[in-house]
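Below, each chain spelled out in residue letters.
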Amino acid sequence: MEQWPTLEEQIKSAGIYYPRSYDIAYRIGYVLQSIGVVVFAILYGLSSSLFIMPLIIFNLGIAISSVFLLVWKAEIKKFILRMTFGGIALQIISIFINPINAFYAEKCFFLGLGLTLAGGAGLVGKEAYCFRFNEGWLLLIIYPLSVIPNLFGFSSYKYNLGASIIIAILQLSFLRKKLSQPLLKKCEGNVCGLPETKVK
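Since this is a predicted model, take the numbers as computed values, not measurements.

**Concerning the packing of aromatic side chains**
- A full pass over the atoms with the stated rule returns 15 aromatic pairs.
- Seen from their ring centres, Phe-103 and Tyr-104 are 5.3 Å apart, and the 80° between their planes marks the pair as edge-to-face.
- An aromatic cluster of three or more residues is present, and its members are Tyr-26, Tyr-30, Phe-131, Phe-133 and Phe-174.

What follows is the structure, encoded as structure tokens:
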């Protein structure tokens, strides 16, 4: 039986530049996401006004992982990047809208957060597909459920706290599995296939 090439061999044969340092940076993004959501859950549970700070860390984590994501289909990465940075841009814009109209600023913020979480969902969904991380599939579901009620104004403090706690637990479990993987690990069962070789 022909042996399936390692991920590093696949990257080299495809003419892609993706050193191990990129994979480390990709994982650092997940570390920041986990720190952000855990601290957010704690501060939100304590009704602290500082809960916005860990959201910044969470957003930064998604942004870093999006930039250093390795996928064979460029369309997938482009989608994740657009959702992530488009969402971050809307969250920043909401800050400037707030003095003018707090209602629309809130909607703009949650829309932005939703887009960023769509990027984050793409990241964890990729990991779930490639490495069979059940936490990835669950986060893919809970991310939109945590934002949509807020966007349409029928959420509550208890609902948001519960959702943030669930996300924090799933993120930590996901992170433990991700950090235990060797660098540049290929997909389970080679479900991702092989990259297209660049024409030189």
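**Things to note about the nonpolar core**
- The biggest cluster of nonpolar side chains holds 37 residues, and the ones touching the most others in it are Tyr-30, Leu-123, Leu-139 and Tyr-143.
- Those elements that place two or more of their residues in this core are helix H1 (7-13), helix H2 (20-45), helix H3 (52-67), helix H5 (102-131), helix H6 (134-151) and helix H7 (157-180).
- Considering each element in turn, this core owes the most residues, nine residues, to H5.
- Those residues in contact with Tyr-143 that sit more than four places away from it in its chain are Gln-33, Phe-58, Leu-117, Gly-120, Ala-121, Val-124, Ile-167 and Gln-171.

**Quick notes on the packing of H6 against H7**
- Relative to each other, H6 and H7 sit at 155°, their axes nearing to 10 Å. With respect to each other, H6 and H7 are oriented roughly antiparallel. H7 is crossed by H6, and the crossing has left-handed handedness. Contacts from Glu-135, Gly-136, Leu-138, Leu-139, Ile-142, Tyr-143, Leu-145, Ser-146, Pro-149 and Asn-150 of H6 reach H7 at Tyr-159, Asn-160, Ala-163, Ile-166, Ile-167, Leu-170, Gln-171, Ser-173, Phe-174 and Lys-177.

**Considering H3**
- If you check H3, its first and last C-alpha atoms are 23 Å apart, about what 16 residues at 1.5 Å a residue would give, namely 22 Å.
- Of all the positions in H3, only Pro-54, Leu-55, Phe-58, Asn-59, Gly-61, Ile-62, Ala-63, Ser-65 and Ser-66 are classed as buried.
- On its buried face, H3 sits against H2, helix H4 (74-97), H5, H6 and H7.

**Here we look at the packing of H2 against H5**
- For the pair H2 and H5, the least separation of the axes is 12 Å and the interaxial angle reads 115°. Along this stretch, H2 crosses H5, giving a crossing that reads as left-handed. Within the contact between the two elements, H2 uses Tyr-26, Tyr-30 and Gln-33 and H5 uses Leu-123, Val-124, Lys-126 and Glu-127.
- Class assignment of the residues belonging to the contact of H2 with H5 gives a composition of four nonpolar, one polar and two charged.

**Points about the pattern of salt bridges**
- Applying the stated rule across the entire model yields four salt bridges.
- Here Arg-27 and Asp-23 are joined by a salt bridge, their closest N and O atoms 3.3 Å apart. Here Arg-27 and its partner Asp-23 are both found in helix H2, four residues apart, which amounts to about one turn of the helix. Pair check on accessibility: Arg-27 and Asp-23 agree, each one buried.
- Two residues, Glu-127 and Lys-126, come together in a salt bridge whose shortest N-O distance is 3.2 Å. A single burial state applies to Glu-127 and to Lys-126, both of which are buried.
- Within this structure, Lys-126, Glu-127 and Lys-178 form a network of salt bridges that share partners.

Basis of the calculations
Residues numbered from 1 in each chain as written. Predicted model: local features only at pLDDT ≥ 70, side-chain atom pairs only at ≥ 80, totals over all residues. Heavy atoms only, no water. Phe/Tyr/Trp six-rings, centres within 6.5 Å; stacked < 30°, edge-to-face > 60°. Core = buried A, V, L, I, M, F, W, Y, C linked by side-chain atoms within 4.5 Å. Buried < 20%, exposed > 50% of the residue type's maximum accessible area, 1.4 Å probe, protein only. Helix = DSSP H or I, 4+ residues; strand = E, 2+ residues; numbered from the N terminus. Contact = heavy atoms within 4.5 Å. Axes fitted to C-alpha atoms, helices over the stretch in contact; angles between N-to-C directions. Parallel < 35°, antiparallel > 145°, perpendicular 65-115°, else oblique. Left-handed = near helix turned anticlockwise from the far one by under 90°. Expected span 1.5 Å × (residues − 1). Nonpolar A, V, L, I, M, F, W, Y, C, P; charged D, E, K, R; others polar. Salt bridge = Lys/Arg side-chain N within 4 Å of Asp/Glu carboxyl O.

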